[in-house]
Amino acid sequence: MIEIPFQLAQAAAAHPLVHVNAGLNSLATILLVIGWVLIKRGRRDAHARVMLTAFLVSTAFLACYLVYHYQVGRVNFTHPGPIRYVYLAILFSHILLAVTVPFLAVATIYLGLVGHGWMGSAKRTAEQRIAVLAKHRRLARWTYPIWLYVSVTGVVVYVMLYHLWPPGAA
């Protein structure tokens, strides 16, 4: 008979949406990095497509996250000791910044679409679109690292909570 380690058995026993959420967060992280690389290489159209996909993936994550917590409620980190404080610090910063991401992302995407003339361009001159793109870049300098941090720490919280120190393992 094959023996499954306790942590793997605990993770497998978790609600399936927990793993879906981790997958969506991981995918969003990868897409964000790809989007950054693309814009650094001057590939605006590809950057736009990838960032819109990252936004859709993050939106799907948020929907699944809300459904999961509606069904399950709160899951406590039960491991004692100093690692608990590390977990709580990561979780607190994650939650605090996660609240800002939808607003920042929507505003940044809107400015990018308008600035590139893909939305409402008939009303704007080329100079106006250039000014809007400058706003897009300034806001993206804040949005990108916050969004990336939230995506990465979401996966870190998942790994800590369901794989390294699963509920009931302490």
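Quick summary incoming for the structure in this document. This structure is a prediction, so every number in the text was calculated from the model and none was measured. Per-chain numbering applies: the sequence of each chain, read as written, is numbered from 1 onward. The predicted origin of the model limits local features to residues at a pLDDT of at least 70 and limits the giving and counting of side-chain atom pairs to 80 or more, whereas totals for whole chains, interfaces and linings rest on all residues. Excluded from the side-chain calculation are hydrogens and water; included are all heavy atoms of the structure.

**Examining the packing of helix α2 (residues 16-40) against helix α3 (residues 44-72)**
- The axes used here are C-alpha line fits, helices contributing only the stretch in contact, and every angle between their N-to-C directions lies in the interval 0 to 180 degrees. Numbering of helices and strands runs from the N terminus; a helix is a DSSP stretch of H or I covering at least four residues, while a strand is a stretch of E covering at least two. Between α2 and α3, the least distance of the axes is 8 Å, while the angle of their chain directions is 160°. By the angle between their axes, α2 is roughly antiparallel relative to α3. Here α2 runs over α3; the crossing is left-handed.
- Residues are grouped as follows: Ala, Val, Leu, Ile, Met, Phe, Trp, Tyr, Cys and Pro are nonpolar; Asp, Glu, Lys and Arg are charged; every other residue, Gly included, is polar. Looking at side-chain class alone, the contact of α2 with α3 contains 22 nonpolar, seven polar and one charged residues. Should an angle lie under 35 degrees it is considered roughly parallel, over 145 roughly antiparallel, and from 65 to 115 roughly perpendicular; all remaining angles are considered oblique. A crossing counts as left-handed when the near helix is turned anticlockwise from the far one by less than a right angle, and as right-handed when that turn is clockwise.

**Quick look at a nonpolar patch on the surface**
- A cluster of nonpolar side chains, namely L62, Y65 and L66, defines an oily patch on the protein surface of about 270 Å² accessible area.
- Each residue's exposure class comes from its accessible area (1.4 Å probe, protein chains only) as a fraction of the maximum for that residue type: buried when under 20%, exposed when over 50%, partly exposed otherwise. With a relative accessible area of 52%, L66 lands in the exposed category. Patch building starts from residues that exceed 30% relative accessible area and form no salt bridge, then joins like charges within 9 Å and nonpolar side chains (Val, Leu, Ile, Met, Phe, Trp, Tyr) within 5 Å. The Shrake-Rupley method, run with a 1.4 Å probe sphere, supplies the accessible areas, and residue values consider only the shown protein chains as cover. Between Lys or Arg on one side and Asp or Glu on the other, a salt bridge is scored when a side-chain nitrogen of the former is within 4 Å of a carboxyl oxygen of the latter.

**Describing the environment of S26**
- Note on placement: S26 falls in helix α2.
- You can call S26 partly exposed: its relative accessible area is 29%.
- Counting along the chain gives 128 residues from S26 to G154, while the straight-line C-alpha distance between them is 8.5 Å.

**Considering the packing of helix α5 (residues 101-115) against helix α6 (residues 126-164)**
- It is the contact of α5 with α6, at a shortest axis distance of 8 Å, that shows an interaxial angle of 150°. Between α5 and α6, the crossing angle belongs to the class labelled roughly antiparallel. In the crossing of α5 with α6, the sense of the turn from one axis to the other is left-handed. Side by side, α5 and α6 meet where V101, L104, A105, A107, T108, L111, G112, V114 and G115 of the first sit next to R129, V132, L133, K135, H136, L139, A140, T143, I146, W147 and V150 of the second. Throughout, a residue-residue contact means that at least one pair of heavy atoms, one from each residue, lies within 4.5 Å.

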